[in-house]
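Single-letter residue listing:
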Amino acid sequence: MGFARTCSVALVGVEGVVVEVQADLEPGVAAFTLVGLPDKSLSESRDRVRAAIVNSEAEWPQKKITVGLSPASVPKAGSGFDLAVATALLAAAERIDPDAIADLVLIGELGLDGRVRPVRGILPAVLAAAEAGYRQVVVPEQTAGEAALVPGVSVLGIRSLRQLIAVLTGEPVPDEPPREEGRPDPMLAGLLLPGAGAGTGLAADTRPDLADVAGQHTARRALEIAAAGGHHLYLSGPPGAGKTMLAERLPGILPPLTRQESLEATAVHSVAGILPPGEPLVRHPPYCAPHHSATMQSLVGGGNGLPRPGAVSLAHNGVLFLDECPEFSVKALDALRQPLESGHVIVARAAGVVRLPARFLLVLAANPCPCGRHTRHGTGCECPSAVIRRYQARLSGPLLDRVDLRVEAEPVTRSDLLAHGPRGEPSSTVAARVREARDRAAVRLADTPWTVNSAIPGHALRTRFHSTPGALAAVEHDLERGLLTARGLDRVLRVAWTVADLAGHDRPTADDLALALELRTGIARGVPAATGGRS
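Read on for a plain summary of the structure. (Residues numbered from 1 in each chain as written. Predicted model: local features only at pLDDT ≥ 70, side-chain atom pairs only at ≥ 80, totals over all residues. Heavy atoms only, no water.)

1. A closer look at the pairing of strand E8 (residues 136–140)
Where burial is concerned, most of E8 is hidden: 4 out of the 5 residues are buried. Bridge count between strand E5 (residues 105–106) and E8: 2 bridges; the pairing is parallel. Following the sheet pairing, Val 105 is matched in E8 by Val 137. (Buried < 20%, exposed > 50% of the residue type's maximum accessible area, 1.4 Å probe, protein only. Helix = DSSP H or I, 4+ residues; strand = E, 2+ residues; numbered from the N terminus. Pairing = 2+ DSSP bridges.)

2. Some thoughts on the sheet that holds strand E10 (residues 233–236)
Spatial strand order, E11-E12-E15-E10-E16: 5 strands in an open sheet with parallel pairing. The sheet terminates laterally at strand E11 (287–288) and strand E16 (405–408), the two strands that pair on one side only. Pairing geometry for strand E12 (residues 319–322) and strand E15 (residues 361–366), over 4 bridges, is parallel. For Val 319, the partnering residue across the bridge sits in E15 and is Leu 361. Helix-sheet contacts for helix H8 (residues 217–229) involve E10, E15 and E16, and the interaxial angle to E16 is about 165°. (Contact = heavy atoms within 4.5 Å. Axes fitted to C-alpha atoms, helices over the stretch in contact; angles between N-to-C directions.)

3. Structural notes on the state of the cysteines
Going through the model one piece at a time under the given rule, you end up with 0 disulfides. The thiol of Cys 325 is not disulfide-bonded; the next cysteine sulfur, from Cys 369, is found 14 Å away. (Disulfide = S-S within 2.5 Å.)

4. A few points about the packing of helix H3 (residues 82–92) against helix H7 (residues 161–169)
For the pair H3 and H7, interaxial distance at closest approach is 12 Å and the crossing angle is 45°. By the angle class used here, H3 and H7 are oblique. Note on packing geometry: the crossing formed by H3 with H7 is right-handed. Facing H3, whose interface residues are Leu 83, Ala 86, Thr 87 and Leu 90, H7 presents Leu 161, Leu 164, Ile 165 and Leu 168. Residue composition of the contact of H3 with H7, grouped by class: 7 nonpolar, 1 polar and no charged. (Parallel < 35°, antiparallel > 145°, perpendicular 65-115°, else oblique. Left-handed = near helix turned anticlockwise from the far one by under 90°. Nonpolar A, V, L, I, M, F, W, Y, C, P; charged D, E, K, R; others polar.)

5. Digging into the side chain of Arg 48
For Arg 48, the location among the structural elements is in helix H2 (residues 45–55). A distance of 3.0 Å separates a polar side-chain atom of Arg 48 from the backbone oxygen of Ser 41. Not counting residues up to four positions away in its chain, the partners in contact with Arg 48 are Ser 41, Ser 79, Asp 82, Glu 109, Leu 110, Gly 111 and Leu 112. (Polar contact = N/O pair within 3.5 Å; in protein donor to acceptor, adjacent residues only side chain to side chain.)

6. Here we look at helix H18 (residues 427–444)
Given 3.6 residues per turn, any residue in an α-helix points the same way as the ones three and four places further on. Counted at 1.5 Å a residue, the expected span for H18 with its 18 residues is 26 Å, and the 26 Å between its end C-alpha atoms agrees. Of the positions making up H18, those classed as buried are Ser 427, Val 430, Ala 431, Arg 433, Val 434, Ala 437, Ala 441 and Arg 444. The buried residues of H18 all sit within an arc of 160° when viewed along its axis, so they share a single face. The outward face of H18, more than 90 degrees from its buried face, is lined by the exposed residues Ser 428, Asp 439 and Val 443. (Expected span 1.5 Å × (residues − 1). Arc of directions from axis to C-beta.)

Structural data, given as structure tokens:
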């Protein structure tokens, strides 16, 4: 009787579980049984593994074969177990030393000719293996760069099962025929899902510049405050005012991702199948702009079987832009409440419960009414008042209460649109001020678990971080009149600290709080909101 074991990784959402792959050979009628809650694609690995072993010039054992995937209670999905199953079978048949693979983690799909094809989710799988104490992983050659992002792990990238057998047995490693130049690599087909990346990101070298926006001084200032403090933003105004242009330029003024943030975003994109080949690490804040016809499942996560990441997870550590937000379904919009508060989303399905990361900067854009002319001077709005109320009510109060900044985008004037020379500051100038403000906040929050002002709890804002004497008079007045809720008070204080960081103040002044109140309530407070120098 032959027995061998090795390891692979099962992904549950964007988290991995190390799975022990056990192969047992017994005398009897030749058969191949795979146990351990495999899905359909994994059950089909029996035929792929058989053909790959035979075509790799290895002998197929004519015995009763049982392959177990432990723990058996964890659902396993996908073709990434093929390589581990084939290696465990060869070790049980004594073609490979069983001790040589006992501490290996193998991830990869096998073609019928023995070639190893890449699969999605390599980074979170290797992260799970490293956390479990494994230090050697074998992955397809095309994803070796992605696996190498995990520190302390030795990565072996292979192109075929023949090469792996040669490496494990000490034989000469055979050369695989090179890919023809000028033709797409068919091996990469499993990494990118068709259409999965539509509307999910803008390349770093093609990010539009903020200088292209004409006018909109108040909205530009709000955009800068949102980037500096991580505050959510609501832009309302008539069509053509530049709301979408502003939102698309927000990622360009955000600071680059830290190493940890890059790994988190890369793990989500790898599982979702939108990680570009040759770019194993997401270095810039992602940008996701789903269409208003998106379902709740596509927005927060879902799908058949175990839930897959939705738009809120694809925008993790980046920007989620909902254009024409009143056109989204009410259920989809209200589903955003949990991730806005907690930074993650929990999706429960019959196949299991998945926790997906979802810490993003939300930008909402809306017209004042279905026709868009409700507040435009000089033109008439044909929408009945009941239709306008129903349209605006699609954004619930609890959702808008979680949005820190609310700005009215005014129609662009002729002088702004046709003016010669530079229209406004470029993204590089604004991004430099944003980085300075974030650095100032990081120094203040160095001994706390928070890094940006929007993450500071309300209790800490009121007890540990104090404004200048008398600066809270206007805030207290609005709270007593019912213009602010308790959550709204905390969010005004967070915005005020961000305004102070941008202005170079040690503590928020009365003007800083007045600007924060104006951006929260929309009521003019007589403070300038122009982008530029510090007060």
